[in-house]
Amino acid sequence: MNLLDGKVASAVWKYTMAEEVKAMVSKGQRPPHLCAILVGNNGASETYVASKVKNCAEVGFESSLIRFEDTITEAELLQKIKEINQDDSIDGLIVQLPLPPRISVQKVTEAISPSKDVDGFHPINSGRMLQNLPCYIPATPYGILLMLEHFKINTTGKSCAIIGRSNIVGMPMSVLMALNNEPGNCTVTLCHSRTKDLGSVTSKSDIIIAALGKPYFLKADMVREGAIVIDVGITRVPSDKTKSGFKLAGDVDFDNVAPKCSWISPVPGGVGLMTIIGLLKNTLRAAKKEISF
Ligand code: GUN
């Protein structure tokens, strides 16, 4: 069994990006600049945004964090997005989800200029992704591609089962693994809550990407010998072994599944770290104006 170690892969990608930033700055350009909007005080969102800001600094990016109380109106938030769209000193903009239920995620997503949409959630970016055109790919699927690239995992011709059809992970991942790219070129089965006999699908698959958010869901009898297993789950579960009283659990029953795998990603220390890399790469591409809209 080989570990798809997010610590190793993310460190190498960060080093490469930091070098690129140094080269940009030495040519007189300003460093890439990510702006994050955080509404309210959701604990998980606070952690994710703090990590995004910290990682920006580590590769030499600038970042701005704009915080609003959860009493902010939808109109006020949309107005702020409009201002940032027009601000040439900012390359990428993310609005951390979830938002208070009063605020339409769809309106917010579509308000962000596609050229600054480093989350890759705007329908223009998802449409371009479907057609294999230059676009921003959502950070987690992008991070998984970068992880596969780092470990030189060849995916062409393989069968790939994806569990979960979320807008952020499962659905875009299914498209990316099917596209005529490397990584990609897989025969993809997108499994979800209505899938019959899911175990019979996963146990025939060369690659399994678990992104359903149910701790320890994927068991050893659902996995074939030699499979490549990628675990996207990160759920806080109670633990009496940690000071905080909780730990992070993946969607894979790692201890029992790992011995059967050729490659497997751990939680923590796997896809979570790569998600940040996906976001940083998108921000760097935005700063370099790599994609013309
Ligand atoms: N909330 C959970 N994942 C994400 C993400 O990738 N981007 C944003 N903006 N919010 C999230």
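Here, every reference points to the structure presented above.
As the structure is a computational prediction, the values presented were derived from the model and not from experiment. (Residues numbered from 1 in each chain as written. Predicted model: local features only at pLDDT ≥ 70, side-chain atom pairs only at ≥ 80, totals over all residues. Heavy atoms only, no water.)

1. Quick look at the overall build of the protein
Piece 1. Scanning the protein for helices and strands turns up 10 helices and 11 strands.
Piece 2. The C-alpha atoms of the protein give 19 Å as radius of gyration, which agrees with the globular expectation for 293 residues (19 Å, within 12%).
Piece 3. Counting across all 293 residues of the protein, residues that qualify as buried make up 48%.
Piece 4. Element-wise, carbon and sulfur atoms account for 54% of the exposed surface of the protein, whose accessible area totals about 13700 Å².
Piece 5. If the 32 positive side-chain charges of the protein are averaged to one point and the 29 negative ones to another, these points end up 2 Å apart. (Helix = DSSP H or I, 4+ residues; strand = E, 2+ residues; numbered from the N terminus. Rg over C-alpha atoms; globule rule 2.2 N^0.38 Å. Buried < 20%, exposed > 50% of the residue type's maximum accessible area, 1.4 Å probe, protein only. Areas by Shrake-Rupley, 256 points an atom, 1.4 Å probe, with all protein chains shown as cover. Lys, Arg positive; Asp, Glu negative; His and termini not counted. Charge placed at Lys NZ, Arg CZ, Asp CG, Glu CD.)

2. A closer look at the sheet that holds strand E8 (residues 227–231)
Backbone hydrogen bonds hold the strands of a sheet together, and the pairing may be parallel or antiparallel.
Piece 1. Reading across from one edge, E1-E11-E8-E7-E5-E6 is the order of the 6 strands in this open sheet, with parallel pairing throughout. For this open sheet the edge positions go to strand E1 (2–3) and strand E6 (187–191), each flanked by a neighbour on one side alone.
Piece 2. Strand direction decides the pairing type here: strand E7 (residues 207–210) and E8, joined by 4 bridges, are parallel. Residue pairing in the sheet places Ile207 in a bridge with Ile228 of E8.
Piece 3. Along the sheet, helix H7 (residues 170–178) contacts strand E5 (159–163), E6 and E7; its crossing angle with E6, the most-contacted strand, is approximately 170°. (Pairing = 2+ DSSP bridges. Contact = heavy atoms within 4.5 Å. Axes fitted to C-alpha atoms, helices over the stretch in contact; angles between N-to-C directions.)

3. Focus: the side chain of Glu74
Piece 1. Positionally, Glu74 belongs in helix H3 (residues 74–85).
Piece 2. From its side chain, Glu74 meets the backbone nitrogen of Ser104 in a polar contact 2.8 Å long. (Polar contact = N/O pair within 3.5 Å; in protein donor to acceptor, adjacent residues only side chain to side chain.)

4. What about the site of the ligand?
Piece 1. Around the ligand, the neighbouring residues are Lys52, Val95, Gln96, Leu97, Asp119 and Phe121.
Piece 2. Val95 places a main-chain nitrogen or oxygen 2.9 Å from a nitrogen atom of the ligand.
Piece 3. A distance of 2.6 Å is found between a nitrogen atom of the ligand and a side-chain nitrogen or oxygen belonging to Asp119.
Piece 4. Contact with the protein chains covers 82% of the free accessible surface of the ligand, which is 280 Å².
Piece 5. Across the shell around the ligand, the residue classes tally to 3 nonpolar, 1 polar and 2 charged. (Near = heavy atom within 4 Å. Nonpolar A, V, L, I, M, F, W, Y, C, P; charged D, E, K, R; others polar.)

5. Considerations on the nonpolar core
Note that soluble globular proteins tend to have their nonpolar side chains buried in a common cluster.
Piece 1. Core analysis: the largest hydrophobic core is formed by 54 residues, its most contacted members being Ile144, Met177 and Ile209.
Piece 2. Setting aside its immediate chain neighbours within four residues, Ile144 contacts Met173, Ile209, Ile230, Val232 and Val271.
Piece 3. Of all hydrophobic cores here, the second largest spans 15 residues; its members include Leu198, Ala210, Leu218 and Val257. (Core = buried A, V, L, I, M, F, W, Y, C linked by side-chain atoms within 4.5 Å.)

6. Examining the pairing of E5
Piece 1. The element E5 is extensively covered by neighbouring structure, given that 5 of its 5 residues are classed as buried.
Piece 2. Burial along E5 is two-sided: the residues Ser159, Ala161 and Ile163 and Cys160 and Ile162 are all buried.
Piece 3. Handedness of the crossover joining E5 and E6 through H7 is recorded here as right-handed. (Right-handed = clockwise from strand over helix to strand, strands pointing away.)

7. Here's the deal with unusual backbone geometry
Piece 1. Omega for the peptide link from Glu182 to Pro183 comes to 0°, which places this bond in the cis form.
Piece 2. For Pro183, the location among the structural elements is in the loop between H7 and E6.
Piece 3. Residue Pro268 follows Val267 across a cis peptide bond; omega there is -5°.
Piece 4. Within the secondary structure layout, Pro268 lies in the loop between strand E11 (261–264) and helix H10 (271–287).
Piece 5. One non-glycine residue, Lys152, lies in the positive phi region at around 55°.

8. A look at the sheet that holds strand E4 (residues 92–95)
Piece 1. The strand order E3-E2-E4 describes an open sheet built from 3 strands, whose pairing is parallel. On the outer flanks of this sheet lie strand E3 (62–68) and E4, each paired with one strand and no other. Neighbour to neighbour, the strand axes of the sheet diverge by 15° on average, direction disregarded.
Piece 2. Sheet topology places strand E2 (residues 33–39) next to E3; 7 bridges connect them, and they run parallel. When the sheet's bridge partners are listed, Cys35 is paired in E3 with Ser64.
Piece 3. Across the sheet, helix H2 (residues 43–58) is in contact with E2, E3 and E4; its angle to E3 comes to roughly 160°.

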